[in-house]
Amino acid sequence: MSGHKLLFSGLKLWTSGSSKWIDRLHHGVNRTGKAPFSSCNPKVCIVGGGPAGFYTAQALIKARQDVEVDIYERLPVPFGLVRFGVAPDHPEVKNVINTFTQTAKHSRCSFYGNVNVGEDVSVEELQRAYHAVVLSYGAEGNRRMGVPGEDLAGVYSAKDFVGWYNGLPSCRELGPDLSCETAVILGQGNVALDVARILLSPLDILKKTDITQPALEALAESKVRRVLVVGRRGPTQIACTIKEIREMVNLPDTRPEMVAAEFEGITEALKDLPRPRKRLTELMLKTALGIPDEKEQERRTKASRIWGFRFFRSPVEILADPDHKKTSGIRLAVNRLEGSGETARAVLTGEVEDVTCGLVISSIGYKSLPIDPSVPFDSSKAIVPNSMGRVQQAAGLYCSGWLKTGPTGVIATTMNNSFDTGRSVVEDMDSGTLDVSAGKPGSQSISALLDKRGVKPVLFSDWEKIDAVEVRRGEAIEKPREKLLTVEEMLLEARK
Ligand code: FAD
Ligand code: NAP
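Conventions we followed
Residues numbered from 1 in each chain as written. Chains lettered and ligands numbered in written order. Predicted model: local features only at pLDDT ≥ 70, side-chain atom pairs only at ≥ 80, totals over all residues. Heavy atoms only, no water. Near = heavy atom within 4 Å. Helix = DSSP H or I, 4+ residues; strand = E, 2+ residues; numbered from the N terminus. Nonpolar A, V, L, I, M, F, W, Y, C, P; charged D, E, K, R; others polar. Domains from an automatic or database assignment. Phe/Tyr/Trp six-rings, centres within 6.5 Å; stacked < 30°, edge-to-face > 60°. Buried < 20%, exposed > 50% of the residue type's maximum accessible area, 1.4 Å probe, protein only. Polar contact = N/O pair within 3.5 Å; in protein donor to acceptor, adjacent residues only side chain to side chain. Areas by Shrake-Rupley, 256 points an atom, 1.4 Å probe, with all protein chains shown as cover. Disulfide = S-S within 2.5 Å. Contact = heavy atoms within 4.5 Å.

> It is not clear to me how the site of ligand 1 should be interpreted in this structure. Could you clarify?
Around ligand 1 there are 32 residues in total, and Ala52, Glu73, Trp402, Ile411 and Thr414 lie nearest to it. Listed by contribution, the elements that provide at least two residues to the shell around ligand 1 are helix H3 (51-63), helix H8 (190-200) and helix H16 (411-431). When the residues that make up the shell around ligand 1 are grouped by side-chain class, the tally is 17 nonpolar, 11 polar and 4 charged. For the shell around ligand 1, the domains that each give at least three residues are domain 1 (3-140 + 368-458) and domain 2 (144-360).

If you want it as structure tokens, here you go:
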């Protein structure tokens, strides 16, 4: 039996009091294969194994030589949105996984996947077992448009669509209907552009990525030829970044389709824009109004697919086909702007316009959800109320990542806010605000609880087995990996 196998089956051996597991304890190795530390060491538990969880763990381990950190993750696989959000054609972004892996393998860090906090174990139980609990479970819900027809067939949230092409088990059955010619994406952030790019990318590009095979097959059959990315405000308020617009501009076999009138006055406004926004706006202006050179003109003429921005438009209603079975279009309110710059507000003009389309993807932002009634939650902002990561009126409870800030910011932003939370925890330990003088049982008591409840955690070494299988399956079809698509399959590989 391999070391891994022994470790995983150790769960049962341990609770049934088997001499084999007790032997392992006596030989100075705990269930994660790491030497146990002093029971007096400060023990911190992190909920969520995405970037926030790993960066918070990294900060804690680095700041104090005695802190032990356990990360509890709902899925059997780590890395959160780095695995299930970041676009498959952006593999370089996923290199952060190497840093997270180093953290997970640190002698004072342990990973427990397949543990759904709030269901398998409560936050109060974690608080009893650890000196501090850091909530880093991200933003797994999505903002709703709140318009009639939102639940019609053919309308999807970007969260689900992204989860589908990235192999998130809960989105496996989504089966988006790609049989129409025009798709409308609402929202103009980077997620919207990820979705537009995936819908329009030539298959030759996608098939070399870790996009799931079912998504690749569905996209191969897709009839979508035109994608409109709709925003409620104007070109100088667009939420995406220049790199993502440039990728659209350069996407093979596509041409832009903009409305020149929507750029009225923008050239004059350029001089007052901050530099990054200015460069981005210049690129849009050039794409919308510039006269393409001969080569670009030829490229555009040959292109079979179209993408475009539409500005000053808010969703009013998703229109149904005559059978009321699926969407046939969207009614948009025409807006004007009140104020200027980043804070300009969209105000309805009273005018509406209908766009015919068979696919609507709402990409107006993710949203954190409460997971445990004992944890304070600000429903209006959809965050855990906190100051510098310290959860308000809840000693020993902290938060980091999107749960702390709301669902904005790239991985580097999440890293910084997670380091800040780590710093707050350490400051509280150092100052005595967080009492770490009495020993706490940490994972020992939680493991016993989970075992009683029939929950078998997936350790980081078990994830490495899943990882190896995925990479092997990918190699066979010249992809970096072919993801396992169900929790059952993941657990099966983890337990081999
Ligand atoms: P998450 O990454 O969501 O991690 C939260 C983790 O908590 C998940 O693993 C989840 O399974 C787990 N969890 C949830 N509930 C529970 C529970 N009850 N118990 C235990 N665990 C739980 N940034 C970039 O820099 N570059 C990009 O290209 C990029 N692309 C993106 C694409 C998309 C579609 C999205 C949505 C975001 C993208 N980002 C990108 C932003 C980046 O993903 C976020 O900044 C970052 O993932 C936020 O980290 P987090 O840990 O707070 O949340
Ligand atoms: P986002 O950047 O906040 O964009 C949300 C979009 O939805 C905005 O255009 C916003 O318009 C619009 N919106 C919000 N509420 C609306 C409503 N009620 N009606 C109509 N439109 C509405 O969010 P995101 O695209 O989900 O991205 C989340 C974060 O992940 C961002 O920080 C993003 O940069 C990051 N990310 C990065 C990458 C990358 O680096 N490649 C890729 C994906 C995601 P207003 O501006 O008018 O509010």
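> Just checking my understanding: could you explain the packing of aromatic side chains for this structure?
Working definition: an aromatic ring pair is given by the centre-to-centre distance plus the angle between the planes. Scanning the entire structure with this criterion turns up 17 aromatic pairs. With a centroid separation of 5.6 Å and 45 degrees between ring planes, the pair formed by Phe54 and Phe79 is classed as tilted. Placement of the pair is Phe54 in helix H3 and Phe79 in the loop between strand E2 (68-72) and helix H4 (81-84), with a sequence separation of 25 residues. Its relative accessible area of 1% is what places Phe79 among the buried residues. Measuring from centroid to centroid gives 5.2 Å for Phe54 and Phe100, while their planes differ by 15 degrees, and the two rings are stacked. Separated by 46 residues along the polypeptide, Phe54 in helix H3 and Phe100 in helix H5 (residues 96-104) bring together distant segments of the chain. Looking at Phe54, the relative accessible area reads 0%, which means it is buried. A connected cluster of aromatic rings, assembled from ring pairs, spans Phe54, Tyr55, Phe79, Phe100, Phe111, Phe419, Phe460 and Trp463.

> Is there a simple way to explain the site of ligand 2 in this structure?
Around ligand 2 sit 19 residues, and of these Gln188, Arg232, Arg233, Glu244 and Gly409 come closest. Here an oxygen atom of ligand 2 and a backbone polar atom of Val191 are 3.1 Å apart. In the model, an oxygen atom of ligand 2 is placed 2.8 Å from a nitrogen or oxygen of the Arg233 side chain. Starting from 910 Å² of accessible surface for ligand 2 in isolation, the protein chains cover 78%. Tallying contributions element by element places H8 first for the shell around ligand 2, with 3 residues. Along the lines of polarity and charge, the residues of the shell around ligand 2 split into 6 nonpolar, 8 polar and 5 charged.

> Got a minute to help me understand the state of the cysteines in this structure?
By definition, a disulfide links the sulfur atoms of two cysteine residues through a covalent bond. On inspection of all chains with the given rule, the structure shows 0 disulfides. You can see Cys171 has no disulfide; the closest cysteine sulfur is in Cys180, sitting 19 Å from it.

> How should I be thinking about the side chain of Glu482 in this particular structure?
In this fold, Glu482 is placed in the loop between helix H18 (460-475) and helix H19 (487-494). Residue classification places Glu482 among the buried residues on the basis of a relative accessible area of 6%. Reaching out from Glu482, the side chain makes a polar contact with the backbone nitrogen of Gln213 at a distance of 2.9 Å. Ignoring any residue separated from it by four or fewer positions in sequence, one finds Glu482 in contact with Ile211, Thr212, Gln213, Glu470, Arg473, Gly474 and Ile477.

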